[in-house]
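Architecture at a glance
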Amino acid sequence: MDRDLSDEDSVVDLSFEAESPLAPPAELLERLPSYDCLFQGGGRQIFFPPLEAPGRPEEPRCWSSFLEQRVPVVTEEVAREALLSFVNSKCCYGSTAAGDLIIQELKQQTLCRYRLETFSESRISEWTFQPFTKHSVDGPQRGTSPRLWDIKVQVPPMFQEDVRKFQVPHSSLVKECHKCHGRGRYKCSGCHGAGMVRCPSCCGAKRRAKQPRRCQMCSGCGRRRCSTCSGRGNKTCATCKGEKKLLHFIQLVIMWKNSLFEFVSEHRLNCPGELLAKAKGENLFKDENTVVYPLVDFPLREISLASQRGLAQHSAALASRARVLQQRQTIELIPLTEVHYWYQGKTNVYYIYGTDHRVYVADYPERYCCGCTII
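This one's a predicted model, so the numbers in the text were calculated from it and none came from an experiment.

What to know about the overall build of the protein
- In terms of regular secondary structure, the protein is built from four helices and 15 strands.
- Taken across its 375 residues, the protein has 40% of its residues classed as buried.
- In the protein, the proportion of contacts linking residues at least 24 apart, taken out of those at least 6 apart, comes to 80%.

Take a look at the structure:
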């Protein structure tokens with residue numbers, strides 16, 4: 001059961017913290033006690049989600065009621081208006097052909113698009129640090145850190161991906177900065193601690209070549225103040241920001257991911273499949289729950305098989321590594337019409353797809369240049 005955190009145990013949101021310039025020392029990357037996890041590169045630990053009891057399968061559905069819904073039939077008038085609208089959106093397409101062509105035949109087919117979405121949450125822990133500014137330390141002396149899957153956080157809206165970072169309570173410890181060894185500053189690499197560098201104009205000769213007068217850039221001394229450290233000879237440590245110590249703590253990284261599986265039923269018309277995958281459809285069926293189950297006895301067997309295949313793929317990809325929060329499967333009807341037309345002694349075709357009557361034409365007869373895309 002999830003553990004509510006008191007004010008003392010509250011999770012510190014680190015979502016907007018800048019990434020640390022250096023990784024923590026290797027000796028801090030130790031395994032957390034009594035945690036069921038899998039080690040990953042870079043000292044990260046992937047935590048297995050708690051096992052949950054599977055839900056009960058749903059009862060078989062009667063698909064006859066769902067299939068009573070139909071997409072409106074495309075008429076010759078609708079087909080011509082769709083083509084005119086498409087042509088008017090292209091700078092180098094003439095509208096005369098679209099208005100004068102003779103429509104000979106309309107071949108219509110309704111496709112089904114199956115979509116499965118699985119919204120999951122995974123948790124990873126990693127050591128990180130920030131400059132220690134003398135504030136109170138929430139270390140092991142204040143209690144035992146909660147198990148990472150017991151920490152409650154606000155879940156984003158379902159099916160919206162996000163990544164958030166939180167500081168694990170009671171996991172902090174203070175150590176000397178490993179970059180500057182607790183000094184807060186380190187020798188400037190530009191002047192090697194001298195504060196002055198050789199003048200770039202006269203190269204330290206105090207006079208420029210073939211000129212009797214002294215170098216104006218360095219006033220004849222041959223050296224200039226180091227611009228890297230402003231003449232101090234040292235720089236503030238970028239790792240600890242001059243604080244000399246670092247606060248190390250375990251950071252919980254929570255990733256919410258929306259996995260997507262899509263399938264469009266087969267068709268006999270020569271319209272590109274990538275257009276149909278993005279086409280606007282008419283919603284036929286929607287099933288959303290913590291766990292959804294494969295469709296059974298759908299009139300199109302390939303849709304039933306796609307449902308089984310999609311659920312199996314998501315289950316295999318997320319097993320043991322993530323917790324499924326919600327699943328959603330939908331079926332949409334996508335109308336597709338092949339329009340055969342005659343114009344100036346030649347016959348050709350164009351396609352109308354989607355409920356918003358998008359047009360695809362491979363060889364429009366009145367085209368003045370080749371610079372337009374035809375999608």
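This is not the end of the story, as more comes after the structure.
Side note on the pattern of salt bridges
- One pass over the full model with this rule turns up nine salt bridges.
- The partner of Glu-262 in a salt bridge is Arg-115, and the shortest N-O contact between them spans 2.6 Å. Pair noted here: Glu-262 is in strand S11 (residues 245–264) and Arg-115 is in strand S4 (residues 102–131), with a separation of 147 residues, a long-range link.
- With its nearest N and O atoms 3.9 Å apart, the salt bridge here joins Lys-286 to Glu-288.
- Shared partners join several salt bridges into a network, and the residues in it are Arg-113, Arg-115, Glu-262 and Glu-332.

Points about the nonpolar core
- Grouped together as the largest cluster of nonpolar side chains are 20 residues, with contacts concentrated most on Leu-83, Tyr-350, Ile-352 and Tyr-364.
- Those elements giving two or more residues to this core turn out to be helix H1 (76–88), helix H2 (96–100), strand S13 (323–343) and strand S14 (346–353).
- In this structure, Leu-116, Leu-284, Ala-306 and Leu-311 belong to the second largest nonpolar core, which totals 15 residues.

Quick word on the environment of Ala-98
- Among the structural elements, Ala-98 can be located in helix H2.
- Sequence separation between Ala-98 and Asn-88 is ten residues, and the spatial gap between their C-alpha atoms is 9.8 Å.
- Not counting residues within four places of it along the chain, the set of residues in contact with Ala-98 comprises Arg-80, Leu-83, Leu-84, Val-87 and Tyr-364.

Concerning the side chain of Thr-118
- If you trace the backbone, Thr-118 turns up in strand S4.
- At a separation of 3.0 Å, a polar atom in the side chain of Thr-118 contacts the side chain of Gln-327.
- Setting aside residues up to four positions removed in sequence, Thr-118 forms contacts with Lys-257, Asn-258, Ser-259, His-314, Leu-318, Val-324, Gln-326 and Gln-327.

Looking at the packing of aromatic side chains
- The tally for this structure, following the rule as stated, stands at six aromatic pairs.
- Their ring planes at 90° and their centres at 5.8 Å tell us that Phe-86 and Tyr-93 sit as a pair that is edge-to-face.
- Under the relative-accessibility criterion, Tyr-93 is labelled buried at 7%.
- Stacked on the ring of Tyr-186, the Lys or Arg Lys-179 has its end atom at 5.9 Å from the ring centre.
- For the cation-ring pair, Arg-328 lies above Phe-159, with the distance from its terminal atom to the ring centre recorded as 4.0 Å.

Thoughts on the environment of Glu-77
- Examined against the element boundaries, Glu-77 turns out to sit in helix H1.
- Here Glu-77 falls in the exposed class, since its relative accessible area comes to 56%.
- Glu-77 sits 26 residues away from Ile-103 along the chain, and the two C-alpha atoms are 9.7 Å apart.

Observations regarding unusual backbone geometry
- With a phi close to 70°, Phe-159 is a non-glycine residue in the positive phi region.
- Secondary-structure assignment places Phe-159 in the loop between S4 and strand S5 (162–167).
- The backbone of Gln-344 sits at a positive phi, close to 50°, despite the residue not being glycine.
- Assignment of secondary structure puts Gln-344 in the loop between S13 and S14.
- Residue Gln-344 is classed as exposed on the basis of its relative accessible area of 63%.

Looking at the side chain of Asn-258
- Structurally, Asn-258 is set in strand S11.
- There is a polar contact of 3.2 Å between the side chain of Asn-258 and the side chain of Glu-117.
- Each residue touching Asn-258, except ones within four places of it in the same chain, is listed here: Glu-117, Thr-118, Phe-119, Phe-159 and Glu-161.

Re H1
- In a regular helix each residue adds 1.5 Å, so 13 residues correspond to 18 Å; H1 covers 18 Å between its end C-alpha atoms and thus fits that length.
- All of the buried residues in H1 are Ala-79, Ala-82, Leu-83, Phe-86 and Val-87. Across the axial projection of H1, the buried residues extend over an arc of 130°, all falling on one side. Projecting away from the buried face of H1 at angles above 90 degrees are the exposed residues Glu-77 and Asn-88.
- Elements in contact with the buried residues of H1: H2, S4, S13, S14 and strand S15 (358–360).

Calculation rules
Residues numbered from 1 in each chain as written. Predicted model: local features only at pLDDT ≥ 70, side-chain atom pairs only at ≥ 80, totals over all residues. Heavy atoms only, no water. Helix = DSSP H or I, 4+ residues; strand = E, 2+ residues; numbered from the N terminus. Buried < 20%, exposed > 50% of the residue type's maximum accessible area, 1.4 Å probe, protein only. Contact = heavy atoms within 4.5 Å. Salt bridge = Lys/Arg side-chain N within 4 Å of Asp/Glu carboxyl O. Core = buried A, V, L, I, M, F, W, Y, C linked by side-chain atoms within 4.5 Å. Polar contact = N/O pair within 3.5 Å; in protein donor to acceptor, adjacent residues only side chain to side chain. Phe/Tyr/Trp six-rings, centres within 6.5 Å; stacked < 30°, edge-to-face > 60°. Lys NZ or Arg CZ within 6 Å of the ring centre and 35° of its normal. Expected span 1.5 Å × (residues − 1). Arc of directions from axis to C-beta.

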